[in-house]
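A structural walkthrough
So you can see what is in the structure, the chains are spelled out below.
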Amino acid sequence: MTSPLEQKIRITGPSIVTANRTFDGAVIYRTASNGWSTSLSEAAIVRTADEARALLTESVADDVGAVGPYIAPVEIKDGGKIKPGNLREHIRLKGVTIVLLPVPA
Amino acid sequence: MYAYDELDRTLINERVEEFRDQVKRRLSGELTEDEFKMLRLQNGVYLQLHAYMFRIAIPYGTLSSKQLRRLAHVARRYDRGYGHFTTRQNIQFNWIKLAELPDALADLAEVGIHAMQTSGNNTRNVTSDQWAGVAPGEIEDPRIWSELLRQYTTLHPEFSFLPRKFKFAITASAHDRAAIKIHDIGLRLHRNAQGETGFEVLVGGGLGRTPFIGKTIKPFVHGRDILSYVEAILRVYNQYGRRDNIYKARIKILVHELGIDKFAAEVEDEWLAMRDSALTLDDAVIEEIRSRFSYPSYENLPHMPEELKKAAHDPLFERWRKNSVFTHKIQGYAIVTLSLKPVGGPPGDATAEQMDALADLADKYSFGEIRVGHEQNLALPHVAKRGLPALWKALDKIRLATPNVNLVSDIIACPGLDYCSLANARSIPIAQELTRRFANHDTAELIGRLHINISGCINACGHHHVGHIGILGVEKNGEEFYQITIGGRADENAELGVLIGPAVPYGEVADVVEDIVEAYLALRERPDELFVDTVKRLGVGPFRERVYATR
């Protein structure tokens, strides 16, 4: 499989780097302070391919803490609130869209 | 039930400790993800959207009540209180933590459950008919041969690094409930003119990006030769199968590109060179495996007990009995299918509470045995008919008595984009909406047998190609769209469905399915002409016209 760093980076708007946390698989976002957060609001925003590559490079370097970092689109709403840029990322952030049936007593 | 011997138990326990060490080294950084990935996959551990997903094998779909209780325990202690039964007689847990996986595996190992080879490019869980051993007219219990293949292929070094994953399915009945024609190797147990037991061997079936129905490579292979014959197939595949392109690596592509005759000739050459080798099975080996399966001590019971006659006055009971209770090979007993497709529920999901309660019911009514079918439903295989009314009431309390088996709301669906990192679109919400649309039982009965299969991507875990109505999620410019096929089937007359037209958006899928069903009701020649038979007779044209006339 091609390393994410060898893939061509194309971004068309504000983006973040996201991955899964190694020990439990939780969704995490790369922060501006070289760490990870489970909160999208703390994600570092990149707007150019060079910025994205730099953020991805430092993310990939943390192989112990995170699995499979990649660049994902986001939307910046009025007031600066960060929203996922597609359905997949929305589901990763918010959880499944389905209603789980109540557990029988 | 099959009783593991000391060798099996040692193997499973050693595997747990090996994986515990691998996880420890991964978490400490001693192993990189690249190094660890194959190791975790070989233990059924995927990384999905939200978390690790843990896939556990239920060989040939047979579970004891003790094992089901342990699955409930894993759901409760390590996950979020439920599990998902898949289309290959596995169960998946969606929210498991890597750090806790070795403990979960150790808990499962205590009751003989493992996750070996539920992923990776090796031979996968050997699947079979969920009615094995109890179906009327069966040649013999196919699980004996499934177990033999399981033992032979598990951790076999030559089959551990194949070009791609490899799946076996076995049936011993005329009606194929194991979908053998969509497996890499499908085995149909039958008898030849001399009365000897052997297999029709099919090869090269599979769905995914490039679907094929399996082709018969040899009409009869004697039981004693089955290991050498399948090894010959695997050797040819290992030698010629493509490793340069993941999309062309399955054996179905090799069979297609070489042609079945040339592929068969290669296998025959290989087989003749090894046929009379240590792989020839002597009767003692087969008998040893047969002897480790225990069967209930059935009573001599009447065909129609008083309890059943009395309960027949209850229309709700009768509705369930007619839909979900099937003929057993022993008089006075029945096979009961338990729908995991309640209206509005995710197909194939069961809660820990349901699993625990069902384990108790299995002890009380089915000699402690439960079966898992590829349609994502469960079954109690040995229920005395006199116990059916009481069982029905108990099942209804735990929401396992939905009388929709084989009807339009008995939908097969993959986890889709709600869980799966490969998916392009959601599957479960489509299924949930369809179960609501077709919630009226009288309408579902009027429609008759109709299988809807939904996959969230081209990998086809929901077997959409062989659904009577198949629904495939695709992504178009960031939006979920769905391609609809009709006329597929997964039984002994397996066929691939035909696309009816352009993909439709998420919000229109249920309407389209309703249109197709309405067209069928108007077009069928008589009430017992099944949907697939109407499609076969008329082609997709009238259905296409109905769906796209106003779209």
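That block above? That's the structure.
We now turn to the structure provided with this report. (Residues numbered from 1 in each chain as written. Chains lettered and ligands numbered in written order. Predicted model: local features only at pLDDT ≥ 70, side-chain atom pairs only at ≥ 80, totals over all residues. Heavy atoms only, no water.)

Details of the overall build of chain A
Note the threshold: Secondary structure counts use DSSP, requiring at least four H or I residues in a row for a helix and at least two E residues in a row for a strand, with both numbered from the N terminus. We call a residue buried when its accessible area falls under 20% of the maximum for its residue type, exposed when it is over 50%, and partly exposed in between, using a 1.4 Å probe and counting protein chains only. Residue exposure ignores everything except the shown protein chains as possible cover, and the areas themselves are Shrake-Rupley values with a 1.4 Å probe. Here Asp and Glu are counted as negative and Lys and Arg as positive; His is not counted, and neither are the chain ends. Just so you know, the charge point we use is NZ for Lys, CZ for Arg, CG for Asp and CD for Glu.
Helix and strand content of chain A: two helices and five strands. Reported as C-alpha extents along the three principal axes, the dimensions of chain A are approximately 55 × 35 × 25 Å. Per-residue burial over chain A gives 39% buried out of 105 residues. As displayed, chain A has an accessible area near 5,600 Å², and 52% of this comes from carbon and sulfur atoms. Across chain A, 12 positive and 11 negative side-chain charges occur, with their mean positions spaced 6 Å apart.

A few points about the sheet that holds strand E8 (residues 185–191) of chain B
Residue and element names in this part refer to chain B. For clarity, the threshold we go by: In short, DSSP must find at least two bridges between two strands for them to pair. The criterion used for residue contact is that any of the two residues' heavy atoms lie within 4.5 Å. To define axes, lines are fitted to C-alpha atoms, for helices over the stretch in contact only, and angles between the resulting N-to-C directions are given on a 0 to 180 degree scale.
Taken together, five strands build an open sheet; the order of strands is E6-E7-E8-E9-E10 and the sheet is mixed. Only two strands of the sheet have a single neighbouring strand rather than two, namely strand E6 (127–128) and strand E10 (215–222). Here strand E7 (residues 168–171) pairs with E8 via four bridges, running parallel. Bridged to Thr171 within E8 is Arg188. Of the strands in this sheet, E6, E7, E8 and strand E9 (197–203) are in contact with helix H5 (residues 143–153), which crosses E7 at around 160°. On top of the sheet, helix H8 (residues 260–274) reaches E9 and E10; it is set at about 30° to E10, its chief contact.

Describing the environment of Asp349 of chain B
Of note, Asp349 of chain B is situated in strand E13 (residues 349–351). Among the residues examined, Asp349 of chain B registers a relative accessible area of 14% and is labelled buried. Along the backbone, Asp349 of chain B and Ile91 of chain B are 258 residues apart, and their C-alpha atoms lie at a distance of 9.2 Å. Dropping the residues within four chain positions of it, Asp349 of chain B is found in contact with Leu100 of chain A together with Tyr82, Gly83, His84, Leu340 and Gln354 of chain B.

What about the sheet that holds strand E3 (residues 36–37) of chain A?
Residue and element names in this part refer to chain A. With respect to topology, five strands assemble into an open sheet ordered E3-E2-E1-E4-E5, the strand pairing being antiparallel. Both outer strands of the open sheet, E3 and strand E5 (82–84), are each paired with one neighbouring strand and no more. Note that strand E4 (residues 66–76) and E5 share three bridges and pair antiparallel. What sits directly across from Glu75, in E5, is Lys83. Each of strand E1 (15–21), strand E2 (27–30), E3 and E4 is contacted by helix H1 (residues 49–61), which is oriented at about 150° to E4, the strand it contacts most.

Examining the environment of Asn323 of chain B
Residue and element names in this part refer to chain B. Rule in force here: Polar contact is the term for a pair of N or O atoms within 3.5 Å; when the atoms are in protein, one must be able to donate a hydrogen and the other to accept it, and sequence-neighboring residues count only if both atoms are side-chain atoms.
As for its position among the elements, Asn323 is in helix H11 (residues 315–324). Note on Asn323: relative accessible area 7%, which makes it buried. Sequence separation between Asn323 and Cys457 is 134 residues; the distance between their C-alpha atoms is 31 Å. Discounting chain neighbours no more than four positions away, the residues touching Asn323 are Thr402, Pro403, Asn404, Val405 and Leu407. One polar contact links Asn323 to Ser324, side chain to side chain, over a distance of 2.9 Å.

Looking at the layout of surface pockets
If a probe the size of a water molecule is rolled over the atoms, the empty space left behind becomes visible. Which entries qualify depends on this criterion: Cavities and pockets were defined on a 1 Å grid built from protein atoms only: a cavity is a group of points that admits a 1.4 Å probe but offers it no way out, a pocket is an open group of points flanked by protein on both sides within 12 Å along at least five of seven lines, and a lining residue is one with an atom within 4 Å of any such point. Grid points are joined across faces, edges and corners, and a volume is the space filled by probe spheres set on the points.
As a volume, the second largest pocket reaches approximately 460 Å³. Together, 28 residues line the second largest pocket, and His175, Glu375, Asn406, Arg449 and His451 of chain B are the ones closest to its centre.

Description of the pattern of salt bridges
Residues and elements named next belong to chain B. Operational definition: Salt-bridge detection follows one rule: a side-chain nitrogen of Lys or Arg within 4 Å of a carboxyl oxygen of Asp or Glu.
Taken as a whole, this structure holds 53 salt bridges over all chains when the rule is applied. Its salt-bridge partner being Glu270, residue Arg235 comes within 3.4 Å of it at the nearest N-O pair. Residue Arg235 is found in helix H6 (residues 226–240), and its partner Glu270 is found in helix H8; the two are separated by 35 residues along the sequence. Given a relative accessible area of 29%, Arg235 falls into the partly exposed group. Between Asp491 and Arg489 there is a salt bridge, with its nearest N and O atoms 2.9 Å apart. Accessibility assignment for this pair places Asp491 and Arg489 in one class, buried.

A word on the packing of helix H7 (residues 251–258) of chain B against H8 of chain B
Residues and elements named next belong to chain B. To keep things clear, this is the line we draw: Orientation labels follow simple angle bins: below 35 degrees gives roughly parallel, above 145 gives roughly antiparallel, 65 to 115 gives roughly perpendicular, and whatever is left gives oblique. Any residue that is not Ala, Val, Leu, Ile, Met, Phe, Trp, Tyr, Cys, Pro, Asp, Glu, Lys or Arg is counted as polar, Gly included; the first ten are nonpolar and the last four charged.
Close contact between H7 and H8 brings their axes to 6 Å; oriented N to C, the two are set at 110°. For the element pair H7 / H8, the angle class is roughly perpendicular. Contact residues: H7 offers Ile251, Leu254, Val255 and Leu258, while H8 offers Ile260, Lys262 and Phe263. The residue makeup of the contact of H7 with H8, split by class, is six nonpolar, no polar and one charged.

Brief notes about the side chain of Ser228 of chain B
Residues and elements named next belong to chain B. You can see Ser228 is positioned in helix H6. Taking the relative accessible area as the measure of exposure, Ser228 reaches 0% and is therefore buried. Ignoring anything within four residues of it in the chain, the contact list for Ser228 reads Trp271, Met274, Arg275 and Leu279.

A word on the interface of chain A and chain B
Let me state the cut-off plainly: What counts as buried area is the accessible surface, traced by a 1.4 Å probe, that two parts surrender upon association, with contributions from both included.
At the interface, 27 residues of chain A touch 40 residues of chain B. Summing the contributions of chain A and of chain B, the shared interface buries around 2,500 Å²; its carbon and sulfur component is 63%. Across the chain A-chain B interface, the total number found is one salt bridge. Here Asp63 of chain A makes a salt bridge to Arg26 of chain B, at a shortest N to O gap of 3.2 Å. Run the count over chain A and chain B and you get 11 residue pairs in polar contact (both at pLDDT 80 or more). Mapped by element, the contributors of at least two residues to the side of chain A that touches chain B are E1, E4 and helix H2 (87–94) of chain A. Considering each element in turn, the side of chain A that touches chain B owes the most residues, four residues, to H2 of chain A. A breakdown of the residues in the side of chain A that touches chain B according to their chemical character gives 17 nonpolar, five polar and five charged.

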